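Fold and geometry: a report
This is what each chain is made of:
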Amino acid sequence: MNKKSIKIVFVCLILGLMGLCSVGITSAEQVGTNVAQTLEPIQNQNTSGLMSASITNAENYSYVGSWGSGFGSDNGQFIHASGIAVDSFGNVYVADSGNNRIQKFDSSYTYLTHLGTLGSGNGQFNNPSGIAVDSLGNVYVVDLGNFRIQKFDSNYTYLTQWGFGLGSGNGQFKFASGIAVDSLGNVYVADSGNNRIQKFGSSGKYLLQWGTPGSGNGQFNNPSGIAVDSLGNVYVADSGNNRIQKFGSSGKYLLQWGYQGNADLQLKNPCGVAIDSNGNVYVADNGNCLIKKFDSNGNLITKWGTRGTGNGQLDAPSGVAVDSYDNVYVADRNNNRIQKFSVNDNSIAFTPVPTLVAKLTAPLVNASEKIKPAIGNEVSLTGVWNCDDKGTYYLRQIGNTLWWYGEQKSNNLLWSNVAHGTITDNTINLEWVDVPKGSNQFSGTLMTLNIDSNNQLRAVYKKEGFGGSVWTR
């Protein structure tokens, strides 16, 4: 047995004793031989079996799509994906633990690039377990087997690292697992083997820590996933204690929820944790093969998933991430894939921009505002449309010209946008831009929609971070 194999076996044995949920050590020789040339396309939405009937007024989450193409080392394949993160443009980053690399995909699930090989040099990994992206697009990776954190810019250029070997001193790690970055650029690491949380500056300067082994308030038994909300509160998946603990940004204990079991308010080896734009908390309930959604005080909102390999089913989910449109991405570890889910909730009210909406929703529709698409039905696109990005869009068509105004249906408005384009047969070519009612400030030089029917539009080409794909009315 060579030295590399000994090192891998050593780490595997230690993690087996610890029961670390979000990590899988797999020898490079175990990589499968079936190579997929393309990623699995987005599937039609299917809500069957995704919502718990026992939860009153629960939101209904739909399966949107998945990719992974099975166990393997080709681009877009995974060997025990663990950590997952999404940047402000909707790009998805996956800690592909068994392949010792980070893979990056765009918001349409297209493979973009990857970083890493097995090793201990800069940009190399030994079982990367957790990943986070800050507001500037910098990428932080928990390099578990090398007992360090590595930081890269948005182009995967190596910037710095910290940790420097197995240990329990300030800034050292013992099989760290999860990582999160707050709005100020501070970095929080779930130092699993040391049963503590460590906090660092954005360049790795040690700031503070909290936690000791145990089951009391503020104590941990193998903390794994970690997330920070917009107020700086820190949520920790305390895996061995089967609970979520919430802290202030300096480690002050606030509250907790969960205990071992499979009932609604119980957890079994929770691993990943993520926060959405409204402060709701998503937990990868690893042992129960569920995703559970709570409010910030631990009240259960909904849950979905069953054990299996079908669409919407899970097998040991280890990581969870939420994008700016509150779509949920799950690292389905034992199924070697990523799954995406979105909420179907049309009940949220909001107040649109009065003057613009009045213009765009004017009831006047005359012959110049109608087109004859290939479906053979005369149709006007003027009206109110709902989109799978949870936005409402106000469209106005005059001849072959189309305008819209769209905004997110939320009390905490995240985005609003306007667009202008031309209709040719069944195709709409648009330019769009976010406007300053909300936090997003993106723009797109071109987006192409297909007119599927009188009541459905579908994006067939988009970029620059636009999240919506299907519009209906």
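Residues numbered from 1 in each chain as written. Predicted model: local features only at pLDDT ≥ 70, side-chain atom pairs only at ≥ 80, totals over all residues. Heavy atoms only, no water.

Remarks on the overall build of the chain
Assigned secondary structure in the chain consists of 2 helices and 32 strands. By the burial criterion, 57% of the 473 residues in the chain qualify as buried. Across the chain, contacts joining residues at least 24 apart in sequence account for 47% of those joining residues at least 6 apart. On the chain, roughly 18600 Å² of surface is accessible, and the fraction owed to carbon and sulfur atoms is 49%. (Helix = DSSP H or I, 4+ residues; strand = E, 2+ residues; numbered from the N terminus. Buried < 20%, exposed > 50% of the residue type's maximum accessible area, 1.4 Å probe, protein only. Contact = heavy atoms within 4.5 Å. Areas by Shrake-Rupley, 256 points an atom, 1.4 Å probe, with all protein chains shown as cover.)

As for the sheet that holds strand E20 (residues 290–294)
As summarised here, the arrangement of the 4 strands in space is E18-E19-E20-E21, forming an open sheet in which the pairing is antiparallel. Only two strands of the sheet have a single partner each, and these edge strands are strand E18 (270–275) and strand E21 (300–304). Taken pair by pair, the neighbouring strands of this sheet meet at an average axis angle of 20°, ignoring direction. (Pairing = 2+ DSSP bridges. Axes fitted to C-alpha atoms, helices over the stretch in contact; angles between N-to-C directions.)

A few points about the environment of arginine 473
You can see arginine 473 is positioned in the segment after strand E32 (470–472). Take arginine 473: its relative accessible area is 36%, and that puts it in the partly exposed class. Residues arginine 473 and asparagine 454, spaced 19 residues apart in sequence, show a C-alpha to C-alpha distance of 8.7 Å. A distance of 2.6 Å separates a polar side-chain atom of arginine 473 from the backbone oxygen of serine 380. One polar contact links the side chain of arginine 473 to the main-chain carbonyl oxygen of threonine 382, over a distance of 3.2 Å. (Polar contact = N/O pair within 3.5 Å; in protein donor to acceptor, adjacent residues only side chain to side chain.)

Some details on the packing of aromatic side chains
Here a ring pair, both rings aromatic, is described through the centre-centre distance and the interplanar angle of the planes. The full count for this structure, using the stated rule, is 24 aromatic pairs. Every member of this aromatic cluster is reached through a ring pair, and the members are Trp67, Phe78, Phe105, Tyr109, Tyr111 and Tyr329. (Phe/Tyr/Trp six-rings, centres within 6.5 Å; stacked < 30°, edge-to-face > 60°.)

Description of the environment of histidine 420
Mapping histidine 420 onto the fold places it in strand E28 (residues 416–424). Overall, histidine 420 belongs to the partly exposed group, its relative accessible area being 40%. As a C-alpha pair, histidine 420 and leucine 395 span 25 residues in sequence and 9.8 Å in three-dimensional space.

Let's talk about unusual backbone geometry
Here asparagine 127, not a glycine, exhibits a phi torsion of approximately 65°, which is positive. Note on placement: asparagine 127 falls in the loop between strand E5 (111–115) and strand E6 (128–133). Judged by relative accessible area, which is 1%, asparagine 127 ranks as buried. In this model, aspartate 326 sits at a positive phi of 65°, which is unusual for a non-glycine residue. Considering the arrangement of structural elements, one finds aspartate 326 in the loop between strand E22 (317–322) and strand E23 (328–332).

Details of the pattern of salt bridges
The final tally for this structure, using the stated rule, is 10 salt bridges. The shortest N-O distance in the salt bridge between arginine 196 and aspartate 191 comes to 2.7 Å. As far as burial versus exposure is concerned, arginine 196 and aspartate 191 are alike and both buried. The closest approach of N and O atoms between arginine 337 and aspartate 332, which form a salt bridge, is 2.7 Å. The two residues arginine 337 and aspartate 332 agree in class, both being buried. (Salt bridge = Lys/Arg side-chain N within 4 Å of Asp/Glu carboxyl O.)

Side note on the confidence of the model for the chain
Detailed conclusions should not be drawn from predicted coordinates in areas where pLDDT is low. Scored by pLDDT, the chain has a mean of 81; 76% of the residues are at 70 or more. Segment residues 1–20 is flagged for pLDDT under 50; beyond a separation of four residues in sequence, or across chains, it makes 29 contacts in the model. pLDDT under 50 marks residues 22–57. Its contacts with residues more than four places away, or in other chains, come to 99 contacts. (pLDDT = per-residue confidence, 0-100.)

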